[in-house]
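Spelled out, the chains give:
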Amino acid sequence: MSERREPRSFYPTISPTWWLKKRSYFMFMMRELSSVFVAAFVLLFMYELFLLSKGPETFNLFQESLRRPLFLLFYAIALIFAIYHTITWFGVLSRIQVVRIGSWTLPPIFVTLSAFGAWFAISAAVAWYFVK
Amino acid sequence: MNYQKNKTEPFWWGMFSAGGVIAALLVPVTLFLDGLAVPLGLMDEGMVSYERWQALMSVPWIKLYLFVLVVLPLYHAAHRIRFSLYELGMREFRISMDVICYGAAVVGTLAVGYVLVKVL
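Residues numbered from 1 in each chain as written. Chains lettered and ligands numbered in written order. Predicted model: local features only at pLDDT ≥ 70, side-chain atom pairs only at ≥ 80, totals over all residues. Heavy atoms only, no water.

1. Quick word on the overall build of chain A
Moving on, step 1. On a plain count of helices and strands, chain A comes out with four helices and two strands.
Moving on, step 2. From first element to last, N terminus to C terminus, chain A shows the α and β order α-α-α-β-β-α.
Moving on, step 3. Radius of gyration (C-alpha) of chain A: 23 Å, far over the 14 Å computed for a compact globule of 132 residues.
Moving on, step 4. With respect to the principal axes defined by its C-alpha atoms, chain A has extents near 80 × 50 × 30 Å.
Moving on, step 5. Looking at chain A residue by residue over its 132 residues, the buried ones come to 31%.
Moving on, step 6. Sequence-distant contacts in chain A: of pairs separated by 6 or more residues, those separated by 24 or more amount to 43%.
Moving on, step 7. Split by element, the accessible area of chain A, about 9,000 Å² in all, is 68% carbon and sulfur.
Moving on, step 8. Chain A carries 13 positive and 6 negative side-chain charges, and their two centres are separated by 13 Å. (Helix = DSSP H or I, 4+ residues; strand = E, 2+ residues; numbered from the N terminus. Rg over C-alpha atoms; globule rule 2.2 N^0.38 Å. Buried < 20%, exposed > 50% of the residue type's maximum accessible area, 1.4 Å probe, protein only. Contact = heavy atoms within 4.5 Å. Areas by Shrake-Rupley, 256 points an atom, 1.4 Å probe, with all protein chains shown as cover. Lys, Arg positive; Asp, Glu negative; His and termini not counted. Charge placed at Lys NZ, Arg CZ, Asp CG, Glu CD.)

This is the structure:
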């Protein structure tokens, strides 16, 4: 009777730069990276609001520093990533959320389009509430 | 990685998904208003002043909006970072990657909740 040996785990070797080899791989990684920019923005935003507790001087000083070129560059890049996330998210949505009415299936493009419609409406409502 | 053994997996996927929706719908407009509208000259500086934000903070549902806006994308990012690290060939550390990524999101949730409820 031979003793059974545990099989060794198999790890495929992946080159850490595989995602640079093809455009679609690269865009996939950029989509993943978008979440980092989004998280960085919400945390920066939260920190900005936290400074309200430190009084007007500190808060306004930080507000001014947020208008320095380096921060503006960050905001611009983060906005591009955020919008890229929105576009890809709504694209996937139409594949996850299939709308059937009786035996008829709504073409997926309409699911994506209505998500974009909701996005514009919500964005407009938030902006309107903020500036009114 | 044994997904069947981990009963909490569906919860993290759900949070990832909810965070993705918030990141898609609310983050672009908030980012633009907070960071770019004033420098681009589209909005008066007074709209993001200390007094303005203090006034907004006294509205309870603004705080709820901020909580949802800040917290859910943290779970979204935790999930994506976790899987991206695997995809880049990273293996488990001695501390599980789940614990590091989702733990950071949970700590963030507590911190944001504390700031919104107790500090502001």
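Let us keep going from here.
2. Description of empty space enclosed by the protein
In this approach a probe as big as a water molecule rolls over the atoms, and the regions it shows empty are the leftover space.
Moving on, step 1. Within the structure shown, the criterion is met by one cavity of 30 Å³ or more.
Moving on, step 2. As a volume, the largest cavity reaches approximately 40 Å³.
Moving on, step 3. Lining the largest cavity we find Gln63(A), Leu66(A), Arg67(A), Tyr75(A), Asp34(B), Gly35(B), Val38(B), Pro39(B) and Val48(B).
Moving on, step 4. Of the residues contributing to the lining of the largest cavity, the split by class is five nonpolar, two polar and two charged. (1 Å grid on protein atoms, 1.4 Å probe; cavity = no way out; pocket = protein on both sides within 12 Å on 5 of 7 lines; lining within 4 Å. Points joined across faces, edges and corners; volume = space filled by probe spheres on them. Nonpolar A, V, L, I, M, F, W, Y, C, P; charged D, E, K, R; others polar.)

3. Some words on the packing of helix α3 (residues 69-96) of chain A against helix α1 (residues 9-25) of chain B
Moving on, step 1. Between α3(A) and α1(B), the shortest axis-to-axis distance is 8 Å and the interhelical angle comes to 125 degrees. On the basis of their axis angle, the class for α3(A) and α1(B) is oblique. When you trace α3(A) past α1(B), the crossing you get is left-handed. Each of His85(A), Thr86(A), Trp89(A) and Phe90(A) in α3(A) lies in contact with α1(B), whose residues at this interface are Phe16(B), Ser17(B), Gly20(B), Val21(B), Ala23(B), Ala24(B) and Leu25(B). (Axes fitted to C-alpha atoms, helices over the stretch in contact; angles between N-to-C directions. Parallel < 35°, antiparallel > 145°, perpendicular 65-115°, else oblique. Left-handed = near helix turned anticlockwise from the far one by under 90°.)

4. Let's talk about the layout of surface pockets
Moving on, step 1. Put simply, the second largest pocket is a space of about 220 Å³.
Moving on, step 2. Surrounding the second largest pocket, 13 residues form its lining, Val126(A), Phe130(A), Trp53(B), Ile62(B) and Tyr65(B) being those nearest its centre.
Moving on, step 3. For the lining of the second largest pocket, the secondary structure elements donating two or more residues are α4 (108-131) of chain A together with α2 (27-36), α3 (50-57) and α4 (60-87) of chain B.
Moving on, step 4. In terms of residue count, the dominant contributor to the lining of the second largest pocket is α4(B) (four residues).
Moving on, step 5. Partitioning the lining of the second largest pocket into residue classes produces eleven nonpolar, one polar and one charged.

5. Details of α2(B)
For an α-helix, 3.6 residues make a turn, and residues three or four places apart therefore share a direction.
Moving on, step 1. Counting buried positions along α2(B) gives nine out of ten residues, so the element sits mostly inside the fold.
Moving on, step 2. Close packing links the buried residues of α2(B) with α1 (23-50), α3 and α4 of chain A together with α1 and α4 of chain B.

6. A short note on the packing of aromatic side chains
All names here are of chain B.
Moving on, step 1. Within the structure shown, the criterion is met by 25 aromatic pairs over all chains.
Moving on, step 2. Considering the side-chain rings of Trp13 and Phe16, the 5.8 Å spacing of their centres and the 85 degrees angle between planes classify their relative orientation as edge-to-face. With Trp13 and Phe16 both in helix α1 and three residues apart, this pair spans about one turn of that helix.
Moving on, step 3. On the basis of relative accessibility, which here comes to 42%, the residue Trp13 falls in the partly exposed class. (Phe/Tyr/Trp six-rings, centres within 6.5 Å; stacked < 30°, edge-to-face > 60°.)

7. Quick look at the interface of chain B and chain A
Moving on, step 1. With 55 residues of chain B at the interface, the matching set in chain A holds 50 residues.
Moving on, step 2. Its largest share of buried area at the contact with chain A, chain B owes to Leu31(B), Tyr50(B) and Arg80(B), together 15% of the area lost on that side.
Moving on, step 3. Across the chain B-chain A interface, the total number found is two salt bridges.
Moving on, step 4. Inspection of the region where chain B meets chain A yields twelve residue pairs in polar contact (both at pLDDT 80 or more).
Moving on, step 5. Listing elements by their share of the side of chain B that touches chain A, those giving two or more residues are α1, α2, α3, α4 and α5 (97-119) of chain B.
Moving on, step 6. Take the side of chain B that touches chain A: its biggest share by element is 15 residues, from α4(B). (Buried area = accessible area lost by both parts, 1.4 Å probe. Salt bridge = Lys/Arg side-chain N within 4 Å of Asp/Glu carboxyl O. Polar contact = N/O pair within 3.5 Å; in protein donor to acceptor, adjacent residues only side chain to side chain.)

8. Considering the pattern of salt bridges
Close approach of charged atoms allows side chains of opposite charge to pair.
Moving on, step 1. Summed over all chains, the structure comprises five salt bridges over all chains.
Moving on, step 2. One salt bridge in this structure joins Glu32(A) and Arg80(B), with 3.3 Å as the shortest N-O distance. Placement of Glu32(A) in helix α1 and of Arg80(B) in helix α4 is noted, with the two residues assigned to different chains. We note that Glu32(A), like Arg80(B), is buried.
Moving on, step 3. Of the charged contacts, one joins Asp98(B) and Arg82(B) as a salt bridge, the two residues approaching to 3.1 Å between their closest N and O atoms. A residue pair is termed long-range when its members are at least 10 positions apart, and Asp98(B) in helix α5 and Arg82(B) in helix α4 qualify at 16 residues.
Moving on, step 4. Take Asp98(B): its relative accessible area is 16%, and that puts it in the buried class.

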